[in-house]
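Architecture and fold: a report
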Amino acid sequence: MSATSPPGRDEPLVGRAGELDDLDALLAGATSGEGVTVLLEGEPGVGRTRLVEALQRTADLLGLEVRTGRAVGPSAPPYALLGDALLGPAHGRGAGAGDAHGPVVAELADLLGLLPPDRADAAARYARADELFAALVRRNGEHGPWVLVLEDLHLADACSLRLLAELAGEGTLPHALTVMTTRAVPHRPELGALVAAWTRAGARYLELRPLGSAATVELAQSLLGARVGPRLRGVLATTGGNPRLVVEVVRTAQACGVLEQREGVIEAVGTGWLDDLDQVGRAHVEHLGPDVLALLGRASVLGSSFVVGDLAALAGEPVTDCWRTLRHGLAAGVVHARGDRLVFRHDLVRAALYAGLEQEERRALHARAAWALREAGAPSHVVSAHLERAR
Ligand SMILES: Nc1ncnc2c1ncn2[C@@H]1O[C@H](COP(=O)(O)OP(=O)(O)OP(=O)(O)O)[C@@H](O)[C@H]1O
Ligand SMILES: [Mg+2]
């Protein structure tokens with residue numbers, strides 16, 4: 001096969017023209033007037049970071065100051081997210097604004113080094129840090145419009161989340177386009193409070209959805225530099241349009257050497273990459289807790305979509321308990337609801353969960369599924385297909 005370019009940040013942004021137009025329009029609004037706040041949410045790997053990077057490029061072209069902070073985990077030091085965004089050098093606009101804030105930045109830098117982990121031990125210092133960070137974000141717009149990107153709020157330290165929620169009470173940041181990105185899980189009460197506060201303050205909510213099937217193929221083709229054949233398209237369809245999974249499928253195919261190119265069309269041949277594909281599917285959901293994964297693993301036996309009552313019977317648990325566990329899978333975008341039916345969003349993930357079951361367990365689950373489905377009145381060929389796999 002021909003050499004293919006490694007996927008990376010230089011690859012074009014695929015299938016996001018509408019979202020980028022929306023953000024560009026909000027950017028124009030923020031530069032001319034009040035300030036706009038956007039909450040950008042979506043399933044893991046759906047492309048939030050790529051989208052805000054594209055927005056940052058537009059802001060750079062317009063000569064706007066761009067400040068970006070990325071949360072690294074809830075146990076990071078106090079104000080780690082805000083510090084990352086506001087205390088380092090900015091992108092874009094010249095150093096003038098930074099100089100004006102120099103004394104505040106210097107005081108904050110000193111103060112952060114002196115904060116004990118427990119707020120109760122140094123209430124006055126924490127209050128001062130709140131005051132200084134609030135002044136920084138509120139006054140930065142005095143030097144011209146700017147963009148504040150706060151990435152991965154689901155991982156942010158509690159002090160940053162609390163202060164950001166409080167800032168919402170005073171309305172949007174003047175002359176700023178503020179974009180806060182988050183995954184829907186894990187659910188954290190402080191994050192819930194922040195989202196509620198900014199929702200009340202009129203923040204726009206943008207849910208980034210998976211790519212459609214045409215854009216999914218386009219992304220793979222742009223990575224591979226050639227048209228993709230029907231078998232590879234079939235595997236790409238199991239990604240449910242999640243760009244990270246699309247990139248991973250392409251990388252896995254390349255790494256396993258299963259791609260062949262003929263007459264300008266790239267096709268996947270053989271089965272030599274199926275175990276590696278399962279690893280991709282498992283990695284995509286490993287952030288979910290063991291209970292959620294165990295229940296989704298059982299659900300994988302029932303197929304790409306299943307009735308929750310049937311899963312409850314299969315798992316030997318009350319339906320309400322099943323829903324309680326499954327709502328994490330729903331929030332994470334692994335399954336979505338259609339009435340009392342749930343559908344796996346990415347068949348790649350379902351297949352990986354299924355492949356991850358021990359053989360004995362899988363047989364026992366098929367036997368139970370046959371019983372549960374027969375009880376529920378499923379057609380006999382469905383029941384016998386499970387009995388077949390129970391052997
Ligand atoms: N629209 C797109 N066009 C091309 N590639 C994309 C697109 N969206 C995402 N990607 C690629 O998919 C992968 C995941 O994207 P990204 O990191 O932006 O997702 P994310 O939503 O920020 O993920 P996380 O939940 O881990 O924060 C990256 O390799 C990225 O380059
Ligand atoms: Mg990201």
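What counts and what doesn't
- Residues numbered from 1 in each chain as written.
- Chains lettered and ligands numbered in written order.
- Predicted model: local features only at pLDDT ≥ 70, side-chain atom pairs only at ≥ 80, totals over all residues.
- Heavy atoms only, no water.
- Core = buried A, V, L, I, M, F, W, Y, C linked by side-chain atoms within 4.5 Å.
- Buried < 20%, exposed > 50% of the residue type's maximum accessible area, 1.4 Å probe, protein only.
- Helix = DSSP H or I, 4+ residues; strand = E, 2+ residues; numbered from the N terminus.
- Contact = heavy atoms within 4.5 Å.
- Near = heavy atom within 4 Å.
- Polar contact = N/O pair within 3.5 Å; in protein donor to acceptor, adjacent residues only side chain to side chain.
- Areas by Shrake-Rupley, 256 points an atom, 1.4 Å probe, with all protein chains shown as cover.
- Pairing = 2+ DSSP bridges.
- Axes fitted to C-alpha atoms, helices over the stretch in contact; angles between N-to-C directions.
- Left-handed = near helix turned anticlockwise from the far one by under 90°.
- Nonpolar A, V, L, I, M, F, W, Y, C, P; charged D, E, K, R; others polar.

With that out of the way, let us pick up the nonpolar core. Grouped together as the largest cluster of nonpolar side chains are 40 residues, with contacts concentrated most on Y79, L86 and L153. At the level of secondary structure, the elements contributing two or more residues to this core comprise α3 (80–86), α5 (102–113), α6 (123–139), β3 (146–151), α7 (158–168), β4 (176–182) and α8 (189–200). With residues up to four places along the chain from it excluded, the contact list for L86 reads R67, V105, F133, L136, V137, W146 and L148. Core analysis: the next-biggest nonpolar cluster, separate from the first, contains 31 residues, L295, F306, L311 and A312 among them.

Right, let's talk about the site of ligand 1 for a bit. Neighbouring residues of ligand 1: 17 residues in total, closest V14, R48, T49, R50 and R183. A distance of 3.0 Å separates an oxygen atom of ligand 1 from a polar atom in the backbone of G45. One of the backbone nitrogen or oxygen atoms of G47 is found 2.9 Å away from an oxygen atom of ligand 1. Across the complex, the protein chains shield 91% of the 630 Å² of accessible surface that ligand 1 would expose by itself. Listed by contribution, the elements that provide at least two residues to the shell around ligand 1 are α2 (48–61) and α11 (243–256).

As a further point, take the sheet that holds strand β6 (residues 227–228). Read across the open sheet, the three strands follow the order β6-β8-β7; overall the sheet is mixed. Only two strands of the sheet have a single neighbouring strand rather than two, namely β6 and β7 (259–262). Judged from the four bridges that link them, β7 and strand β8 (residues 265–268) form a sheet pairing that is antiparallel. Its bridge partner being in β8, L259 is matched across the sheet by A268. In this fold helix α10 (residues 230–237) packs onto β6, β7 and β8, with an angle of close to 65° to the strand it touches most, β8.

Our next topic: the packing of helix α13 (residues 290–302) against helix α17 (residues 359–375). For the pair α13 and α17, interaxial distance at closest approach is 9 Å and the crossing angle is 65°. Classified by chirality, the crossing of α17 by α13 is right-handed. In contact with R298, V301 and L302 of α13, α17 contributes L365, H366, A369 and L373. Class assignment of the residues belonging to the contact of α13 with α17 gives a composition of five nonpolar, one polar and one charged.

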